[in-house]
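Summary of the model geometry
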Amino acid sequence: MRILVTGGAGFIGSHLCERLLSEGHEVVAMDNLITGSTDNIAHLAGNGSFSFIHHDVTNYIFVQGKLDFIFHLASPASPADYLAFPIQTLKVGSLGTHKTLGLAKEKNAGFMLASTSEVYGDPLIHPQTEDYWGNVNPVGPRGVYDEAKRFAEALTFAYRRFHGTNTKIARIFNTYGPRMRADDGRVVPAFISQALSDHDLTVFGDGSQTRSFCFVSDTVDGLVRLMMSNFEGPVNIGNPEEMTIREFAGFVLERIKTQSTIVYRDLPMDDPKIRKPDISLANEKLGWKPVVCLETGLDTTIEYFRKTGYQTGTSRQD
Ligand code: NAD
Ligand code: UDP
């Protein structure tokens, strides 16, 4: 197939491009580099089946030739990033999704939206199932991301119902791995870079909030299975192994020889208190479940940061 990946120079997007190329597909990555980097795809430059287009998908998109499938991953994804780029985040979720759906319709291509567990907001049911409508504060700081993705889901279903576009929605939960930016503010790169540089790990709030961390190769496998399936979703893609952020900090400290300890900082507004995907649907419809355990995934990620370098390890709140 010939496949377009928007956000292809980002963290998950670059791994997805690699996986698709390894399966013999032709891949066009499109990115405006607002939070991504060509460093993530530089190693693919010599591959004749890979090309890159520097473009902001909120503007009209032109791609020459046929397209069989479009993955729409373009969007700031780290809370620190979408707080720094609130309007761009709203625009890429709305206008960018409109443009990429229009392209899918024009090319008669399949389409997948990279949605998020954030559509559930600060959830009132646990674990989160796909039939839960969520608990989102539209005017809180996270609203720019959550509501953009919720609008994007509604638009995706409108194209499916009104135009008959072959659309799919993946609700991705916290994913980590190599090629995250050390300074992107998300908890995995933050704690690893802090520990590697002997800075204290900044736990927000009392650290009792929970997350469930999925290694990037597992997430990408879920996305590829969804593309190949007849299922439209929405479907949760995430690792159901849940832990508190305090436990996670302890886990990182066990794996890195460091002088760091834990310090506590204010909890950001509307920070979800609990998060864990119910993945029964992904299991049933896609035969998917994560296979990389946290120990292995974290060691691989730590190794990546050791090799590529890390910032001073200070938190966005310092
Ligand atoms: P990332 O920031 O590394 O990648 C996003 C990419 O999109 C970047 O390369 C960025 O430059 C690009 N981009 C942003 N706006 C654009 C625009 N207007 N035009 C073109 N390119 C644009 O983030 P990521 O973690 O790889 O996330 C990828 C996707 O997966 C996002 O849509 C995100 O919402 C979704 N997601 C990620 C996670 C996670 O834990 N990583 C969880 C849920 C959902
Ligand atoms: N967090 C933290 N210290 C940090 C960064 C994040 O305690 O330096 C917490 C954050 O408040 C949240 C969790 O870790 O409860 C996950 O944050 P992240 O930014 O990775 O993603 P989120 O799941 O909130 O989108």
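The residue count restarts for each chain, going from 1 along the sequence in the order it is written. Ligands are numbered from 1 and chains lettered from A, in the order in which they are written. Under the rules for a predicted model, residues below a pLDDT of 70 receive no local features and side-chain atom pairs below 80 are neither given nor counted, while totals for whole chains, interfaces and linings still include all residues. Based on all heavy atoms of the structure, the side-chain values leave hydrogens and waters out of the count.

1. Let's talk about empty space enclosed by the protein
For the record, the criterion: Definitions used throughout: a 1 Å grid over protein atoms alone; a cavity as a set of points that fits a 1.4 Å probe which cannot get out; a pocket as an open set with protein on both sides within 12 Å along at least five of seven lines; a lining residue as one with an atom within 4 Å of a point. Grid points are joined across faces, edges and corners, and a volume is the space filled by probe spheres set on the points. Nonpolar residues are Ala, Val, Leu, Ile, Met, Phe, Trp, Tyr, Cys and Pro. Charged residues are Asp, Glu, Lys and Arg, and all others, Gly as well, are polar. Runs of E in the DSSP output that reach at least two residues are strands. Runs of H or I that reach at least four are helices, and both are numbered from the N terminus.
Here the structure, examined in full by the defined rule, presents two cavities of 30 Å³ or more. A volume near 50 Å³ is recorded for the largest cavity. Grouping the constituent residues of the lining of the largest cavity by class yields six nonpolar, one polar and one charged. Quantified by volume, the second largest cavity comes out at close to 40 Å³. Together, His 72, Ala 74, Ser 75, Val 92, Gly 93, Thr 97, Leu 113, Lys 149 and Ala 152 line the second largest cavity. Every element with two or more residues in the lining of the second largest cavity is listed here: helix 3 (86–107) and helix 4 (143–163). In terms of residues, the lining of the second largest cavity owes the most to one element, helix 3, which gives three residues. Residues that form the lining of the second largest cavity fall into these classes: four nonpolar, four polar and one charged.

2. Structural notes on the nonpolar core
Worth spelling out the cut-off: In this text, buried Ala, Val, Leu, Ile, Met, Phe, Trp, Tyr and Cys residues form a nonpolar core when linked through side-chain atoms within 4.5 Å. Type-normalised accessible area, obtained with a 1.4 Å probe on protein chains alone, sets the label of each residue: buried when under 20%, exposed when over 50%, and partly exposed for intermediate values.
The biggest cluster of nonpolar side chains holds 60 residues, and the ones touching the most others in it are Leu 20, Phe 71, Phe 191, Phe 248 and Leu 298. Within the second largest apolar cluster, 21 residues are counted, among which are Val 28, Ala 104, Ala 152 and Tyr 159.

3. Topic: unusual backbone geometry
With an omega dihedral of -10 degrees, the bond running from His 126 to Pro 127 counts as a cis peptide bond. As for its position among the elements, Pro 127 is in the loop between strand 5 (110–116) and helix 4. Between Gly 233 and Pro 234 the backbone carries a cis peptide bond, its omega angle lying at 5 degrees. Tracing the backbone through its elements, the reader meets Pro 234 in the loop between helix 6 (216–228) and strand 11 (235–237). Notably, Asp 270 is not glycine yet its phi reads approximately 65 degrees, a positive angle.

4. Looking at the packing of aromatic side chains
Basically, it comes down to this: Only centres within 6.5 Å qualify two rings of Phe, Tyr or Trp (six-membered ring in Trp) as a pair; their planes then separate them into stacked at under 30 degrees, edge-to-face at over 60, and tilted for everything else.
A complete count under the given rule lists eight aromatic pairs for this structure. Centroid distance Tyr 120 to Tyr 132: 6.0 Å. Interplanar angle 25 degrees. Geometry classified as stacked. Taken as a pair, Tyr 120 in the loop between strand 5 and helix 4 and Tyr 132 in the loop between strand 5 and helix 4 lie far apart in primary sequence, 12 residues in all. Taken as a pair, Tyr 120 and Tyr 132 share a single burial class, namely buried.

Geometric descriptors of this kind do not, in isolation, establish any biological role.
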